[in-house]
Amino acid sequence: MATTLNLDVAKAPKLKLESVVGFGGTVAGGMHIHPDGQHLIYALGSCLVIREIGNPRANEFLLGHSDKVNCVAISRSGQYVASGQTTHMGFQADICVFEYASQKLIFRMTLHKVKVQALAFSHDEQYLASLGGQDDNTLVVWDLSTGRPLCGGPASSDLSMCIAFYNNDNTKLVTGGQGILRVWDVDVANRKIHPTDVNVGTMKRVYRTVVIEPTDSYAFVGTSTGDLVCIQLREPYSFKFNGPTRNLVQGIICCTLTDSGDVLVGSGGGEVSLLSSRDLKIVKSIRLQGAVTSVAAHGDHYFIGTSRSNVYYLNAKTFKEELRQTCHFERINDIAYPYGYSELFATCSNHDIRVWNAATSQELLRIQVANLECNAVAFTKDGKAIVSGWSDGKIRAFGPQSGKLLYVIHDAHKTHGMKRISGPLTGVTALCVDNNNQRLLSGGADSQVRVWRISPSSQTMEASMKEHKATVNSICIRGSDNECVSASDDGSCIVWDLNRFMRRGIIYAQTYFKATQYFPDESQILTTGSDKKVTYWDAFDCSAIRELEGSKVGEINTLDISPDGRYFVTGGADKVLKLWNYDEGVVLKVGLGHSGNIQKAKFSPDGEYVVSVGDEGGIFIWRVDRSDLGSQSP
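Conventions we followed
Residues numbered from 1 in each chain as written. Predicted model: local features only at pLDDT ≥ 70, side-chain atom pairs only at ≥ 80, totals over all residues. Heavy atoms only, no water. 1 Å grid on protein atoms, 1.4 Å probe; cavity = no way out; pocket = protein on both sides within 12 Å on 5 of 7 lines; lining within 4 Å. Points joined across faces, edges and corners; volume = space filled by probe spheres on them. Helix = DSSP H or I, 4+ residues; strand = E, 2+ residues; numbered from the N terminus. Pairing = 2+ DSSP bridges. Axes fitted to C-alpha atoms, helices over the stretch in contact; angles between N-to-C directions. Buried < 20%, exposed > 50% of the residue type's maximum accessible area, 1.4 Å probe, protein only.

Trainee: If you had to explain empty space enclosed by the protein to someone new, which residues and values would you point to?
Mentor: If you walk through the whole model with that rule in mind, you get one cavity of 30 Å³ or more. A volume near 40 Å³ is recorded for the largest cavity. Ala 509, Thr 511, Phe 513, Thr 527, Thr 528, Asp 531, Lys 533, Thr 535, Trp 537 and Glu 547 together form the lining of the largest cavity. Elements that contribute at least two residues to the lining of the largest cavity include exactly β45 (524-529) and β46 (533-538). The dominant element in the lining of the largest cavity, judged by the number of residues it contributes, is β46, at three residues.

Right under this line is the structure:
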């Protein structure tokens, strides 16, 4: 019988988030420069990151959301930061308002269903306006002195996508969406809100982003067609003109005003253009990698965020780009540390492997293979190669400093012709290196575990062990190199004899085994999987010793035991990283910040940090503070 999990995540002690590598490039308008000119604020997963402009390492965070942040707004003086999230169908989505100086959550506003589409502060920081998403579609004005709604109503008959307050009047605001532009008057005394449609004639557009010039005479509205529309904000509200003549590819996603009054726009085609406010003609233009989702201007400095999770710096005078920050932009599948060295680690994702400096969070090396996904990565024990398993069934080894290809094992695992495919990964799905730098163990979606004899000049297969019936997710080898254990989606973990290449023991359970690992003294094996359980097994006779409930919701994808064997971490579909006491089987601390499934978590070789990665493409580095890790349980 499994030990039940009595864990209140909200009240449990929290792991300290030391640093984050990543940028939420899919959030339109999700990056802002704080009015102090020193810090960038942007969304990543379910947290907001505050990063000093010259420093690649982000170590200040605003935490409060339970799911992916979808929109971010910052007040004129920078006193308040507000963010809205998406949630599951039928549930309400929160708006969190933080005080920037203390980094404390001061209001949690819950009214919109499923998604908060856009947010805007009034110029005097008295009100916050919010738009609900497609399932909600209401406009609500909140009083920031109380955190309560002041007034609200349906935003339009169709989806509204953008909102902005006037710069000099806290009772007027503009919304835009599918085919409709509206100017709203807030009647504070009667707690009512009155819309007036902007007359745009026969023009049909989807309005995505809006910015109002300082005197409140005009507003510039970006459309999905790729043009910028100028509207008059003095009655009668009407269309003035639009431009540029050449529509920007894939529409305008974000825009902002520069100090000179011109409009800086970003398009879905990766183009950043500076448009003259007089006639909306293109003054300067540059193309970047990925769709441009955020533009922020501060004096002569422009910061651009793209959907490829790249942050660029643009100088206003030269209009030359400089890459300031980069990360994976899709699901990260694996993490690896070099043996006994905690200063750097490698991660792998779609198209590439990246090596990071653990102390500064800077990217040291990027190894790209076009149109393929890297499923597993490992350093050899001598540190002379990075070994990786790919979705085309090949194992590739690269030099750890140069990134040069050292060798390729072709057809290491089959990619078609299998009777049963489980899980999202194909090709080579698990890798493990031995302790003598002579052999490499691989597992694949073809359900086989293979042993390779490795030397600089040749790579030959010693054995192929065919007892699993589904994808092999994890392999772990003993210190003596005589045995290994493999975990598979077929509900079995097999202990293999690596001298005779035969099964020595087997573990069965009603689960898809996702991860397995030997305890440091190799007397026990720890496993976890889709049944949400963490199980301790005897390494000799494969009998179950103890079973813990590891999660209330969602499967567990990963586990890792600390080098001294006192703790282990788990993470999975519940998006919560849990640090456990190994002997007592209790959760000591939890880490909140991921907005997608946690795919992998790993202790650094010195046991001081845990690195976790997930579906949102962010790398979260947590500090394990042993001084307050007694045998506490929440």
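Trainee: Describe the sheet that holds β45, listing the residues and the values that go with them.
Mentor: The strand order across the open sheet built from four strands is β44-β45-β46-β47, with neighbouring strands paired in antiparallel fashion. With one partner strand each, in any of the chains shown, β44 (513-518) and β47 (544-549) form the two edges of the open sheet. Neighbour-to-neighbour, the strand axes of the sheet open up by a mean angle of 20°, direction not taken into account. Pairing geometry for β46 and β47, over five bridges, is antiparallel. Bridged to Thr 535 within β47 is Glu 547.

Trainee: Can you break down the pairing of β45 residue by residue, with the values?
Mentor: Taken across its six residues, β45 has six buried, putting it largely inside the fold. Residues Gln 524, Leu 526 and Thr 528 of β45 are buried on one face, and the alternating residues Ile 525, Thr 527 and Gly 529, pointing to the opposite face, are buried as well. With five bridges joining them, β44 and β45 adopt antiparallel strand pairing. Across the sheet, Ala 515 pairs through a bridge with Thr 528, a residue of β45. Between the antiparallel neighbours β44 and β45 lie five residues, among them Glu 522 with a positive phi of about 65°. Across five bridges, β45 lies against β46 in antiparallel orientation. Residue pairing for β46: Leu 526 is matched across the bridge by Tyr 536. Count of turn residues in the β45/β46 antiparallel hairpin: three residues, of which Lys 532 carries a positive phi of about 65°.

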